[in-house]
Amino acid sequence: MQAVRKSVETVLPWLTLVTMAVAIYMVFVKVPTDKFQGIVQRIFYFHVPLAMMTFVAFGLVAVASIFFLWRGSRFWDRLAHSAAEVGMVFCTLVLVTGPIWARPIWGTWWTWDARLTTTLILWLIYAAYLMLRTMSGSGDEGARYAAVLGIVGAIDIPIINRSVYWWRTIHPAVLITRQGGSGLGDPRMQATFAVCMVAFLLLFVWLLYVRHESGRLRDAVEDLRQQVLAPEQQR
Amino acid sequence: MFALIRKDLQIEFRTKETFASLLMLGLLTLVVLSFALDPTSELRLEAAPGALWVAVIFAGVLGLNRSFLVERENDCLEGLLLCPVDRGTIYLAKTAANFLFMMVAQLIIVPIFVFFFNLPATPALASVFLALFLGVLGFAAVGTLFAAISVRTRAREVMLPLLLLPLVVPIFIGGVKVTARVLAGKPLADVAPWLNLMGAFDFIFLVVGWLVFEYAVEE
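Since the model is a prediction, treat every value here as computed from it, not as a measurement.

Engineer: Explain the overall build of chain A to me, using residue names and the numbers behind them.
Structural biologist: The number of helices and strands found in chain A is six helices and zero strands. Taking all 235 residues of chain A together, the buried fraction comes to 34%. Long-range contacts, defined as pairs at least 24 residues apart, comprise 80% of the intrachain contacts of chain A with a sequence gap of at least 6.

Okay, structure coming up:
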């Protein structure tokens, strides 16, 4: 176990760094500029992988929460917590890169499109999740409360998505949906996109690993502290 | 289960605290929102359904917060958990009680809403109550679960709306849409998808709440 951990810790950061460097090189130098959208379209190669990883992260929160309530092992709880934190970072970046792209293309920073609205509400739910974590202490209770929210939130997301979709489409207002539109015709674009996906996947896994590891160490320290303090309390 | 509901209702009949605060907050929200909207403007009519649902949600959060604060006093929750019934049953009883409080408050809030917003008192109001029924049920279903959680955290009163409001977005949008459309004289069939969505929301979260409530109250 220790050996596996050691090798992961050496390989993963370097692999992520190299892939990310290649991704950045391809996005800024290699890939051709989009014919209709111009230079700003290049943000797509970061925006979309970030968004996909956000969904992976929050899916992971739900799965880990279910396993935690089922099995009660701290491992699943730490995984849910780590995934929520990393997912929050990715989700925030999605909400930052999105408007930068939207402003020149759609002519507005923000539009209440179904996908945008769902992402925003996703962000709000998991912000509440992390607040609940800090507000309910580090004990087993807090972990269970967070797991309940992790599960309910994940079940709620499709319903929210449905409702905001109808909300905008039934309403006869500005309808600027459908991202991109031009698609990735050029094989170099596809290659860049693929490399970016891998780069962000690696980044996600690495951050998740580091976060989980720090949680594990914290739990270990806490256990040791309990052991050391226990005799004193009995006195 | 009915004994548990009766317990909550009996406390309420004797003190009338929750009901009075629900009603006053709902009323105040409507009044404050009336100031926010120009009384002469056409927009006012369009904003009316939104105002009603903001009042419902605000008052609802307050009522839900109270529902478990009452149990905290003198550690009543411990006693409740010692009842020889399933935790899911306690959840359903609590949800039912919260639902009843909110619905009874709506019976008074809606006429006031019609009065303030100068709406025609048409039979369409019956359809508004159908939307309120589904909306408040879903709100109580999710809200009771998270009220049980938030009451145990630090910053209790603040935590509940933070957890609850993003989760009940479908209820809110659906409620506003249905209310707007039936008040505009559209037939009920026109809003069937929304009513289905709200019904599905209610069902899903009643089941989920029933299943996971034990994790939210266990010591």
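Engineer: So what's going on with the overall build of chain B? Residues and values would help.
Structural biologist: A tally of helices and strands in chain B yields nine helices and zero strands. Going residue by residue from the N terminus, the α and β elements of chain B occur as α-α-α-α-α-α-α-α-α. Relative to the globule expectation of 17 Å for 219 residues, the C-alpha radius of gyration of chain B, 18 Å, shows essentially globular dimensions. For chain B, the spread of C-alpha atoms along the three principal axes comes to 55 × 30 × 30 Å. In chain B, 82% of the contacts between residues at least 6 apart in sequence involve partners at least 24 apart.

Engineer: Can you lay out the packing of helix 3 (residues 43-72) of chain B against helix 5 (residues 87-116) of chain B for me, pointing to particular residues and giving the numbers?
Structural biologist: Residue and element names in this part refer to chain B. Relative orientation of the contacting elements helix 3 and helix 5 amounts to 145°, with a least axis distance of 10 Å. The handedness of the crossing between helix 3 and helix 5 comes out as right-handed. Contact residues: helix 3 offers Leu 52, Ala 55, Val 56, Ala 59, Gly 60, Gly 63, Leu 64 and Ser 67, while helix 5 offers Lys 94, Asn 98, Phe 101, Met 102, Ala 105, Gln 106, Ile 109 and Phe 113. A breakdown of the residues in the contact of helix 3 with helix 5 according to their chemical character gives 10 nonpolar, five polar and one charged.

Engineer: Can you explain the nonpolar core? Please cite residues and give values.
Structural biologist: Membership of the largest hydrophobic core comes to 122 residues, with the highest contact counts inside it found for Ala 80, Ala 83 and Val 148 of chain A together with Val 142 and Ala 216 of chain B. Ranked by residues supplied to this core, first place goes to helix 6 (residues 124-150) of chain B with 15 residues. In contact with Ala 216 of chain B, other than residues within four places in its own chain, are Tyr 145 and Val 148 of chain A together with Leu 145, Ala 148 and Ile 149 of chain B.

Engineer: Run through the environment of Val 94 of chain A, naming residues and quoting values.
Structural biologist: All names here are of chain A. Within the secondary structure, Val 94 is located in helix 3 (residues 74-106). Note: C-alpha distance between Val 94 and Phe 46 (48 residues apart in sequence) is 8.6 Å. Once residues lying within four places of it in the same chain are set aside, the contact partners of Val 94 are His 47, Leu 50, Ala 51, Thr 54 and Thr 119.

Engineer: Run through the interface of chain A and chain B, naming residues and quoting values.
Structural biologist: With 27 residues of chain A at the interface, the matching set in chain B holds 24 residues. Contributions of two or more residues to the side of chain A that touches chain B are made by helix 4 (114-135) and helix 5 (140-170) of chain A. Residue contributions to the side of chain A that touches chain B peak at 18 residues, all from helix 5 of chain A. Class assignment of the residues belonging to the side of chain A that touches chain B gives a composition of 20 nonpolar, three polar and four charged.

Engineer: Tell me about the packing of helix 1 (residues 2-15) of chain B against helix 5 of chain B, residues and numbers included.
Structural biologist: All names here are of chain B. Look at helix 1 against helix 5: their axes get within 8 Å of each other, and the N-to-C directions meet at 35°. Relative to helix 5, the crossing made by helix 1 is right-handed. Packed against helix 1, whose contacting residues are Leu 4, Ile 5, Asp 8, Leu 9 and Glu 12, the element helix 5 presents Ile 90, Ala 93, Ala 96, Ala 97 and Phe 101 at the interface. Taken together, the residues that form the contact of helix 1 with helix 5 break down as eight nonpolar, no polar and two charged.

Engineer: Which residues make up helix 3 of chain A, and what are the values?
Structural biologist: Between its terminal C-alpha atoms helix 3 of chain A stretches 46 Å, which fits the 48 Å expected from 33 residues at 1.5 Å a residue. Looking one or two residues past helix 3 of chain A, Gly 107 of chain A carries a phi angle of roughly 80°, positive in sign.

Engineer: Summarise helix 9 (residues 192-217) of chain B; cite the residues concerned and give the values.
Structural biologist: The end-to-end C-alpha distance of helix 9 of chain B is 36 Å, a good match for the 38 Å that 26 residues give at a rise of 1.5 Å each. Along helix 9 of chain B, the sharpest change in direction is near 45° and occurs at Leu 211 of chain B.

Engineer: Can you break down the environment of Val 27 of chain A residue by residue, with the values?
Structural biologist: Looking at where Val 27 of chain A falls in the secondary structure, it is placed in helix 1 (residues 2-30). Residues Val 27 of chain A and Leu 201 of chain A lie 174 residues apart in sequence; the distance between their C-alpha atoms is 16 Å.

Engineer: Quick one: what's the story with the confidence of the model for chain A, residue by residue and with numbers?
Structural biologist: All names here are of chain A. When pLDDT is averaged across chain A, the result is 83; 89% of the residues are at 70 or more. At the low end of the mean pLDDT range in chain A sits helix 5, at 83; at the high end sits helix 2 (residues 44-71), at 90. Scored below 50 in pLDDT, residues 170-182 makes eight contacts in the model with residues more than four places away or belonging to other chains.

Conventions and cut-offs
Sequence order as written defines residue numbering, which begins from 1 separately in each chain. Here every chain gets a letter starting at A, and every ligand a number starting at 1, in the order they are written. Selection of residues for local features in this predicted model requires a pLDDT of at least 70, selection of side-chain atom pairs for listing and counting requires 80 or more, and totals for whole chains, interfaces and linings are taken over all residues. Strands are runs of DSSP state E lasting at least 2 residues, helices are runs of H or I lasting at least 4, and numbering of each runs from the N terminus. Each residue is classified by how many other C-beta atoms fall within 10 Å of its C-beta atom, where C-beta atoms are placed from the backbone; a count of 20 or more means buried, 12 or fewer means exposed, and values in between mean partly exposed. Residue pairs are scored as contacts if the distance between their C-beta atoms, which are placed from the backbone, is within 7 Å. Radius of gyration: C-alpha atoms only; globule rule: 2.2 Å multiplied by the number of residues to the exponent 0.38. Helix axes use the C-alpha atoms of the stretch in contact, all axes being lines fitted to C-alpha atoms, and the angles between their N-to-C directions lie in the range 0 to 180 degrees. Should the near helix be turned anticlockwise from the far one by less than a right angle, the crossing is left-handed, and should it be turned clockwise, the crossing is right-handed. The nonpolar class holds Ala, Val, Leu, Ile, Met, Phe, Trp, Tyr, Cys and Pro. Asp, Glu, Lys and Arg form the charged class, and all remaining residues, Gly among them, are polar. We define the nonpolar core as any set of buried residues of the types Ala, Val, Leu, Ile, Met, Phe, Trp, Tyr and Cys, connected via C-beta atoms lying within 7 Å of each other. Helix span, expected: 1.5 Å multiplied by one less than the number of residues in the helix. What we call the bend at a residue is the angle made by axes fitted to the seven residues finishing there and the seven residues starting there. Every residue is assigned a pLDDT by the predictor, reflecting its confidence on a scale from 0 to 100.

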